[in-house]
Amino acid sequence: MDKSRRRFIQGAAGVAAGAAVPAQSAKALRRENKPLPPNALGMLYDSTLCIGCRACVTACKEANDVPVEQPAHLRDWNVGVWDTGEDISGKTLNTIRVFTHGTKQQKDREENGYAFVKRHCLHCVDPSCVSVCPVSAMLKDPDNGIVTYDPDACIGCRYCVYGCPFSVPQYQFDDAFGKIAKCEFCQHLQKKGQIPACCDVCPTGASLFGRVDELQQEAERRLSRTPGDRYEFPRGRLGDDRPTHEAAIPKYKPHVYGVSEVGGTQIRYLAGVPHEKLGLPKLPDDSYASLSEGVQHTLYKGMIAPLALLGGLIYLARRATKQHEDED
Amino acid sequence: MPQSTHQPLGGKLLTKPFLFFALLFAIAVYFLATRFMFGLGSVTNLNGGYPWGVWVVVDVIIGTAFGCGGFAMALLVYIFNKGEYHPLMRPALLGGLFGYTLGGMAVIFDLGRYWNFYNLLLPWYAQPSSVMFEVALCVMAYILVLWIEFSPAFLERFGLTNAKQKLKRFLYIIIALGVLLPTMHQSSLGSLLLVMGSQLSPLWYTAWLPLWFLLTAIAMGYGIVILESTLVTNAFRLPSEQRILSKLSPIVGWLLAVFLVLRFVDLLIRGQIAPMFAAEMNASMFWLEILVFAIPTVILLSPARRTSQQQMFLAALLLLAAGSLYRINAYLVGYEPGNGWSYFPSAPELMVTIGVISLEIMLYLVFVKKLPVLHGTRPA
């Protein structure tokens with residue numbers, strides 16, 4: 001092996017070893033998950049209470065001025081009447097989806113049953129979309145934790161669409177000047193003292209608005225009751241004096257989804273079937289942003305490593321160019 | 001060390017191949033006009049689950065890796081001080097110039113809100129935790145660096161020897177930046193995926209992503225240098241650079257071998273044996289990728305094979321294919337957004353990508369014919 005080759009391999013091995021050490025301790029590279037904001041607002045969605053009426057979808061469209069959606073393959077089937085969006089999209093900020101199995105006989109049962117789920121932004125505590133956005137177009141309110149979008153900042157790179165573990169932010173591909181569409185928890189209504197439109201219209205209290213800490217207690221209260229017991233389900237905003245919806249406590253799966261997933265969210269989901277069946281994936285407790293930001297912050301902390309590397313490169317390049325003065 | 005003798009090739013510009021590429025580019029312009037009038041959805045198959053398609057993955061992520069020839073050669077010539085490779089430097093830089101400039105251009109027509117592009121440069125919008133922010137600034141800076149690095153060719157062409165001498169005095173700083181910046185953003189193109197978590201198959205999702213992207217980008221840089229040198233010396237009947245290329249090849253071979261070994265070490269450490277052998281598309285694509293990496297590794301490390309021009313050409317082609325496949329796998333194939341979403345590029349979408357590559361080839365031809373880029377013995 002000639003000298004140059006040996007030196008090159010030594011160099012390459014050095015680079016590899018240097019990178020392998022931090023890579024091995026990926027866990028150690030993570031920064032901490034971000035904490036829940038002090039006055040975090042959120043929603044408790046109880047799949048067992050949802051009757052699939054989609055009043056929340058219509059109310060959301062009206063409140064946020066987004067158009068009725070009719071996918072091409074359903075357009076002939078009903079002409080301009082029903083909103084037939086199948087999932088959240090550039091035109092649909094929330095929607096109700098249904099899980100079905102076998103004969104679909106009984107609601108909230110895994111075998112031969114069906115169950116509803118509402119899809120919209122979960123307002124993560126440590127959101128990937130906020131972490132990945134290069135121009136601060138996605139921001140998380142430091143007080144109430146609502147994740148908002150600023151179209152004037154957005155360059156449309158769609159990294160938020162790609163990076164969101166729930167596929168929530170959606171770019172309007174059919175518009176020459178498309179924006180990112182996502183639930184912003186009806187901020188404009190909240191400023192007027194109202195509550196998010198979906199929770200406001202929900203007839204059964206399946207979508208319940210409130211403070212995250214209080215919603216968490218409410219979810220735990222429901223889980224602690226015996227199935228079959230009568231229970232007064234609050235509607236609209238938790239703690240308001242709206243008439244309640246009285247019903248029997250269903251057989252819940254003993255998991256409150258949204259508490260710890262990807263570092264926690266501000267939405268809580270209760271369901272009678274496993275949450276994965278409802279398109280709510282099993283996710284780790286560490287936020288994904290905590291790893292990518294951890295690695296990035298380690299490599300680029302104070303720009304010390306890049307500057308040190310630049311110093312070394314300048315020295316070597318200077319030496320090489322001096323030796324070959326006649327070249328360029 | 002002999003004096004560098006870069007010369008313009010001269011010759012006719014509007015040749016038949018040139019017009020063919022011009023036609024492909026014209027088709028791309030038509031579809032781009034459609035995109036700007038009616039939105040990204042009118043031309044592409046992008047959707048809510050797959051917001052990034054070939055315009056990002058091929059034009060930008062693979063395109064800039066193809067543009068790493070200048071980076072890879074500068075690393076060898078100026079950092080490892082191997083002056084004997086100098087003749088390959090300028091054409092490699094030219095490839096980088098176009099790979100990056102056009103990759104940067106492709107970003108503009110892929111951006112959904114391109115008119116806000118300059119927000120990346122406004123401090124009050126800056127979001128330094130975003131890997132994309134770092135990539136964007138680094139790539140913009142590197143495009144500038146590439147033009148300065150390449151500018152001696154312009155200055156020679158227009159006889160500005162004075163300016164060239166002045167530039168030479170601080171060129172080593174530019175050269176150092178020309179190594180630092182690609183090191184940063186080519187590895188960051190891997191870091192972009194660190195936030196994907198369970199959305200990316202464990203065959204590709206690893207904390208080593210930044211290193212994998214960096215190593216393969218450097219290897220692809222050498223691949224493009226070998227490919228380009230072979231094509232150009234044959235097409236324009238220039239003296240063969242085979243001797244110097246066969247000296248370069250073990251370096252590239254070892255680089256690839258190190259990458260392949262580390263790749264499996266990482267999969268073993270993470271205990272991801274099962275997904276490698278699952279009866280799934282992901283596993284097949286993984287092994288295809290490994291195979292396409294392994295063949296050039298064997299060729300480049302074999303003293304008998306690397307003296308053959310055909311074998312070297314094949315190795316370079318496969319090396320570039322492997323690096324591209326790795327990027328396609330990591331960004332699209334191994335990515336699973338759920339909800340039944342799928343993506344395959346539309347014909348118009350592919351035509352735009354082909355048009356961008358055609359423009360790159362056309363510009364390359366113009367530059368080597370009109371500017372002193374290649375080492376020639378023919379009188380210009």
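Residues numbered from 1 in each chain as written. Chains lettered and ligands numbered in written order. Predicted model: local features only at pLDDT ≥ 70, side-chain atom pairs only at ≥ 80, totals over all residues.

Moving on to the overall build of chain A. When helices and strands are counted, chain A shows ten helices and twelve strands. Within chain A, the proportion of its 328 residues that are buried is 45%. Put simply, of all contacts in chain A between residues at least 6 apart along the chain, 62% involve residues at least 24 apart. (Helix = DSSP H or I, 4+ residues; strand = E, 2+ residues; numbered from the N terminus. Buried ≥ 20, exposed ≤ 12 C-beta atoms within 10 Å, placed from the backbone. Contact = placed C-beta atoms within 7 Å.)

Turning next to the overall build of chain B. Each helix and strand counted, chain B has eleven helices and two strands in total. In chain B, the succession of α and β elements from N to C terminus is β-α-α-α-α-α-α-α-α-α-α-α-β. For chain B, the C-alpha radius of gyration of 21 Å lies close to 21 Å, the compact-globule estimate for 380 residues. The dimensions of chain B, computed from C-alpha atoms along their principal axes, are 65 × 50 × 45 Å. Counting every position in chain B, which comprises 380 residues, the buried fraction comes to 52%. In chain B, the share of contacts with a sequence separation of at least 24, taken over all contacts with a separation of at least 6, comes to 81%. (Rg over C-alpha atoms; globule rule 2.2 N^0.38 Å.)

Okay, the packing of helix H2 (residues 54-66) of chain B against helix H11 (residues 347-370) of chain B next. All names here are of chain B. The geometry of H2 relative to H11 is characterised by a closest axis approach of 10 Å and an angle of 10° between their N-to-C directions. As the angle between them shows, H2 and H11 are arranged roughly parallel. Residues Val 54, Trp 55, Val 58 and Asp 59 of H2 form the contact with H11, whose own contacting residues are Glu 349, Leu 350, Val 352, Thr 353 and Val 356. Partitioning the contact of H2 with H11 into residue classes produces six nonpolar, one polar and two charged. (Axes fitted to C-alpha atoms, helices over the stretch in contact; angles between N-to-C directions. Parallel < 35°, antiparallel > 145°, perpendicular 65-115°, else oblique. Nonpolar A, V, L, I, M, F, W, Y, C, P; charged D, E, K, R; others polar.)

Here the focus is the nonpolar core. All names here are of chain B. The biggest cluster of nonpolar side chains holds 203 residues, and the ones touching the most others in it are Met 73 and Ile 218. At 15 residues, the largest contribution of residues to this core is made by helix H7 (residues 209-235). Setting aside its immediate chain neighbours within four residues, Met 73 contacts Tyr 85, Leu 88, Met 89, Ala 92 and Val 225. (Core = buried A, V, L, I, M, F, W, Y, C linked by C-beta atoms within 7 Å.)

In this section: the interface of chain A and chain B. Between chain A and chain B, the contact holds 65 residues from the first and 69 residues from the second. Listing elements by their share of the side of chain A that touches chain B, those giving two or more residues are helix H1 (3-24), helix H2 (26-29), helix H4 (128-132), helix H5 (159-163), strand S7 (170-171), helix H9 (288-300) and helix H10 (304-323) of chain A. Broken down by element, the residue count for the side of chain A that touches chain B peaks at twelve residues, all from H10(A). Tallied by class, the residues present in the side of chain A that touches chain B amount to 38 nonpolar, 16 polar and eleven charged.

What follows is about the environment of Glu289(B). Residues and elements named next belong to chain B. Here Glu 289 is to be found in helix H9 (residues 281-301). Note on Glu 289: 24 C-beta atoms within 10 Å, which makes it buried. Taking the C-alpha atoms as reference points, Glu 289 and Leu 215, 74 residues apart in sequence, are found 15 Å from one another. When neighbours within four sequence positions are excluded, Glu 289 is seen to be in contact with Ala 322, Leu 325, Tyr 326 and Asn 329.

Moving on, we come to unusual backbone geometry. Residues and elements named next belong to chain A. Although it is not a glycine, Ser 167 sits at a positive phi angle of roughly 50°. Along the chain, Ser 167 falls in the loop between H5 and S7. Take Ser 167: there are 22 C-beta atoms within 10 Å of it, and that puts it in the buried class. Although it is not a glycine, Cys 186 sits at a positive phi angle of roughly 45°. Structurally, the position occupied by Cys 186 is in the loop between strand S8 (180-181) and helix H6 (187-191).

Attention shifts here to the sheet that holds strand S9 (residues 207-211) of chain A. Within a sheet, neighbouring strands are paired by backbone hydrogen bonds and run either parallel or antiparallel to one another. Residue and element names in this part refer to chain A. Pairing is mixed across the open sheet formed by three strands, whose spatial order is S9-S1-S12. Edge positions in the open sheet fall to S9 and strand S12 (267-270), since each of these has one partner strand only. For this sheet the average axis-to-axis angle between neighbouring strands, irrespective of direction, equals 20°. One ladder, built from four bridges, connects strand S1 (residues 41-46) with S12; its direction is parallel. Looking at the pairing, Tyr 45 lines up with Tyr 269 of S12. (Pairing = 2+ DSSP bridges.)

With that settled, the discussion passes to the environment of Thr95(A). Checked against the element boundaries, Thr95(A) lands in strand S2 (residues 95-100). Separated by 102 residues in the primary sequence, Thr95(A) and Ala197(A) place their C-alpha atoms 13 Å from one another.

Segments scoring low in pLDDT should not have their predicted coordinates read at a detailed level. All names here are of chain B. Summing up the model confidence of chain B, the mean pLDDT is 90 and the portion of residues at 70 or higher is 98%. Of all helices and strands in chain B, the one with the weakest mean pLDDT is strand S2 (residues 374-375) (74), whereas H9 scores best (96). Interface confidence for the predicted complex, expressed as ipTM, amounts to 0.91; the pTM equals 0.91. (pLDDT = per-residue confidence, 0-100.)

With that out of the way, let us pick up the sheet that holds S2(A). All names here are of chain A. Strand order in the open sheet formed by three strands is S2-S4-S3, with mixed pairing between adjacent strands. Two strands bound the open sheet, and with one partner strand each, they are S2 and strand S3 (106-107). Note: S3 against strand S4 (residues 113-119), two bridges, orientation parallel. Residue Lys 107 lies in a different strand from S4, and its bridge partner there is Tyr 114.

Here we take up the packing of helix H3 (residues 69-79) of chain B against helix H6 (residues 161-191) of chain B. Residue and element names in this part refer to chain B. Viewed as axis vectors pointing N to C, H3 and H6 meet at an angle of 130°, and their least axial separation amounts to 9 Å. The pairing of H3 with H6 is recorded here as oblique in orientation. The interaxial crossing formed by H3 with H6 has left-handed handedness. Here Gly 70, Phe 71, Ala 74, Leu 75, Tyr 78 and Ile 79 of H3 lie close against H6, whose contacting residues are Ile 175, Gly 178, Val 179 and Pro 182. For the contact of H3 with H6, a count of residues per class yields eight nonpolar, two polar and no charged. (Left-handed = near helix turned anticlockwise from the far one by under 90°.)

Residue and element names in this part refer to chain A. The end-to-end C-alpha separation of H9 is 18 Å, in line with the 18 Å expected for 13 residues at 1.5 Å each. Most of H9 sits inside the fold, with ten of its 13 residues counted as buried. Of the residues making up H9, those classed as buried are Tyr 288, Ala 289, Ser 290, Leu 291, Ser 292, Glu 293, Gly 294, Val 295, Gln 296 and Leu 299. Once H9 finishes, Gly 302 follows within two positions and takes phi at roughly 60°, a positive value. (Expected span 1.5 Å × (residues − 1).)

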